[in-house]
Amino acid sequence: MEERIKLANNLKVLRFSCMKCGRCCKDEKTFVNITFQDILRLHTGLKYSLEDIMEVIGFYTFTDVNVKEFMNHMVYSPLHTEKGLAYIGLLKKKNYRCTFLDQEDNCTIYPHRPTICRTFPFTYLLSDNGKSITKTIGYTRKGIEYCPGIKKTASIIKKKKISELLVKSLAEIVADAKMIETWNRMVKKKQITPKAGKYIASILLMERKLKEEYSS
Ligand code: SF4
Ligand code: SF4
């Protein structure tokens, strides 16, 4: 099927040069969702054990303030946990800074950062009319709101490059949704107990199989 790449909202070009201001990593209402592949990156890239991982991630229910804000825009799937349905995300410190942001506003896990951090501030919409698929690329709501890296003087980025990044990220989110769906189904059938830690442990146990299946 034919594939087309378009730019959103009358954008003529995509621009981006990260100013390293750290706003995306310390915004009060920016929630850093993570996939099971992000969990594996922490495990294999940073040699994090299950206990280490549990110390840097949180399970956010629908009533948590930073999740409530995003419910209508959330593309990740919630997991059945002992607290109820919850989204998995990186923990924030009391001042809303990501747990991995250092005092100089540098990401301390940059090569292993979550997929959502890799694609920011870009997003895309897919439309399929049966004859062609159109990818419409633009900036995220948060990107437009506070990212100084997309200003008019920033470097022009090739839309094909961003498209490839977004496609990879979407594949990861879809695989994550399938994994969570399986877990949630097993919980409903009472085949497993909905313990958040147990879910993460199961990801680590399946590490080799998952890596073979979804090489990142
Ligand atoms: S808000 Fe934009 S410019 Fe600032 S660190 Fe994040 S991506 Fe870079
Ligand atoms: S993981 Fe790194 S890039 Fe992502 S929010 Fe945290 S500090 Fe920022």
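Residues numbered from 1 in each chain as written. Chains lettered and ligands numbered in written order. Predicted model: local features only at pLDDT ≥ 70, side-chain atom pairs only at ≥ 80, totals over all residues.

**Examining the environment of Tyr76**
Piece 1. Relative to the helices and strands, Tyr76 is located in the loop between helix H4 (65–68) and strand E4 (79–81).
Piece 2. In sequence terms Tyr76 and Ile34 are 42 residues apart; their C-alpha atoms lie 8.3 Å from each other.
Piece 3. For Tyr76, the residues in contact, after removing those within four places along its chain, are Asn33, Tyr87, Ile173 and Asp176. (Helix = DSSP H or I, 4+ residues; strand = E, 2+ residues; numbered from the N terminus. Contact = placed C-beta atoms within 7 Å.)

**Here's the deal with the site of ligand 1**
Piece 1. Close to ligand 1 lie Cys18, Met19, Lys20, Cys21, Gly22, Arg23, Cys24, Phe120, Pro121, Cys147, Pro148 and Gly149, which account for all nearby residues.
Piece 2. Classifying every residue of the shell around ligand 1 gives eight nonpolar, two polar and two charged. (Near = placed C-beta within 6 Å. Nonpolar A, V, L, I, M, F, W, Y, C, P; charged D, E, K, R; others polar.)

**Thoughts on the site of ligand 2**
Piece 1. Lining the immediate surroundings of ligand 2 are Cys25, Val32, Leu90, Cys98, Phe100, Leu101, Cys107, Ile109, Arg113, Pro114 and Cys117.
Piece 2. Classifying every residue of the shell around ligand 2 gives 10 nonpolar, no polar and one charged.

**A closer look at the packing of helix H2 (residues 36–45) against helix H8 (residues 196–205)**
If you want to describe how two helices pack, look at the angle between their axes and the distance between the axes.
Piece 1. Closest axis-to-axis distance for the H2/H8 pair is 10 Å, and the angle between their directions is 70°. Classified by the angle between their axes, H2 and H8 sit roughly perpendicular to one another. Judged by the twist between their axes, the crossing of H2 over H8 is right-handed. Of the residues in H8, those touching H2 at Phe36, Ile39, Leu40 and His43 are Ile200, Ile203 and Leu204.
Piece 2. For the contact of H2 with H8, the residue count by class is six nonpolar, one polar and no charged. (Axes fitted to C-alpha atoms, helices over the stretch in contact; angles between N-to-C directions. Parallel < 35°, antiparallel > 145°, perpendicular 65-115°, else oblique. Left-handed = near helix turned anticlockwise from the far one by under 90°.)

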